[in-house]
Amino acid sequence: MRNIYFIGFILIGLQLPAQQNSGTGAYFYDLSLEYLNTGKLDESDSLASLASEAFKSEKRNGEVAKALMLRGYIADEKNLLIDAIIFYYESLKFDPDEYRELSCHKNIGRIFKVIGKYADAEKHYLKALEISKDYSQEEYAGMLFNLGNLYKK
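Residues numbered from 1 in each chain as written. Predicted model: local features only at pLDDT ≥ 70, side-chain atom pairs only at ≥ 80, totals over all residues. Heavy atoms only, no water.

Counting its secondary structure elements, the protein chain contains 8 helices and 0 strands. The order of α-helices and β-strands along the protein chain, N terminus first, is α-α-α-α-α-α-α-α. Within the span of the protein chain, comprising 153 residues, buried residues form 39% of the whole. Total accessible area on the protein chain stands at roughly 9,000 Å², and carbon and sulfur atoms take up 52% of it. (Helix = DSSP H or I, 4+ residues; strand = E, 2+ residues; numbered from the N terminus. Buried < 20%, exposed > 50% of the residue type's maximum accessible area, 1.4 Å probe, protein only. Areas by Shrake-Rupley, 256 points an atom, 1.4 Å probe, with all protein chains shown as cover.)

Here it is in structure tokens:
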């Protein structure tokens, strides 16, 4: 598997413009989104992985959080729920902005609910609820709705 990443890195590296103002991590991230939008989840995930590593080396923690959240979303789309949870948790370690923190907690809560871990789901929904009250009324209402459905379950 490492050889595939290495070969992919070389091939993509050959296509990199001589100077990228936003850095290599941004290039990989943008390319990952392009692949995601065409339904190529495996390719998108490989590029998001390269993006997160590049952002780490560029010491751009907020961008690392963004790339890890993208990997969580991709794993979620592939129905790899445990992997998705891991990526969302990892994203939270890297200084996510308020929206990403809220989204990670919402997604982790939703996945825990799906797999029947209701106490864990509640913990993350409550954290998302706390964040959402200062973020937007729409998000706050959505989190109340999610909590209500969880309690109903």
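With respect to the helices, strands and loops of the structure, histidine 105 is situated in helix α6 (residues 98–114). On the basis of relative accessibility, which here comes to 9%, the residue histidine 105 falls in the buried class. There is a polar contact of 3.0 Å between the side chain of histidine 105 and the side chain of histidine 124. Beyond its immediate chain neighbours, meaning those up to four positions away, histidine 105 contacts Leu92, His124, Lys127, Ala128 and Ile131. (Polar contact = N/O pair within 3.5 Å; in protein donor to acceptor, adjacent residues only side chain to side chain. Contact = heavy atoms within 4.5 Å.)

Scanning the model with the defined rule gives 2 aromatic pairs in all. Measuring from ring centre to ring centre gives 6.2 Å for tyrosine 99 and tyrosine 135, while their planes differ by 35°; the resulting arrangement is tilted. Taken together, the positions of tyrosine 99 in helix α6 and tyrosine 135 in helix α7 (residues 118–135) put the pair 36 residues apart, joining distant regions of the chain. A relative accessible area of 35% means that tyrosine 135 is categorised as partly exposed. (Phe/Tyr/Trp six-rings, centres within 6.5 Å; stacked < 30°, edge-to-face > 60°.)

Glancing now at helix α4 (residues 61–77). Its 17 residues give α4 an end-to-end C-alpha distance of 24 Å, which sits within 8% of 24 Å, the value for a rise of 1.5 Å per residue. Restricting attention to buried positions, one finds in α4 the residues Val64, Ala65, Ala67, Leu68, Met69, Leu70, Arg71, Gly72, Ile74, Ala75 and Asp76. Of the surrounding secondary structure, the elements contacted by the buried residues of α4 are α2 (24–37), α3 (41–57), α5 (81–92) and α6. (Expected span 1.5 Å × (residues − 1).)

What follows deals with the nonpolar core. In terms of nonpolar packing, the biggest core is built from 39 residues, with Phe28, Tyr29, Ala51, Phe55, Leu70, Tyr88 and Ile111 touching the most fellow members. At the level of elements, α2, α3, α4, α5, α6, α7 and α8 (137–152) are the ones that each hand at least two residues to this core. In terms of residue count, α4 provides more of this core than any other element does, 8 residues in total. Excluding residues that lie within four positions of it along the chain, tyrosine 29 makes contacts with Ala51, Phe55, Lys66, Ala67 and Leu70. (Core = buried A, V, L, I, M, F, W, Y, C linked by side-chain atoms within 4.5 Å.)

Together, Ile82, Ile86, Val114 and Ile115 line one region of the surface with nonpolar side chains, adding up to about 360 Å² of accessible area. In this fold, isoleucine 86 is placed in helix α5. (Patch = residues over 30% accessible without salt bridge, like charges linked within 9 Å, V, L, I, M, F, W, Y side chains within 5 Å. Salt bridge = Lys/Arg side-chain N within 4 Å of Asp/Glu carboxyl O.)

A few words on α5. Its 12 residues place the ends of α5 17 Å apart at the C-alpha level, agreeing with the 16 Å of an ideal helix rising 1.5 Å per residue. The set of residues buried in α5 consists of Leu81, Ala84, Ile85, Phe87, Tyr88 and Ser91. All buried residues of α5 lie within an arc of 165° about the axis, which places them on one face of the element. (Arc of directions from axis to C-beta.)

No statement about biological role is implied by the geometric values presented.
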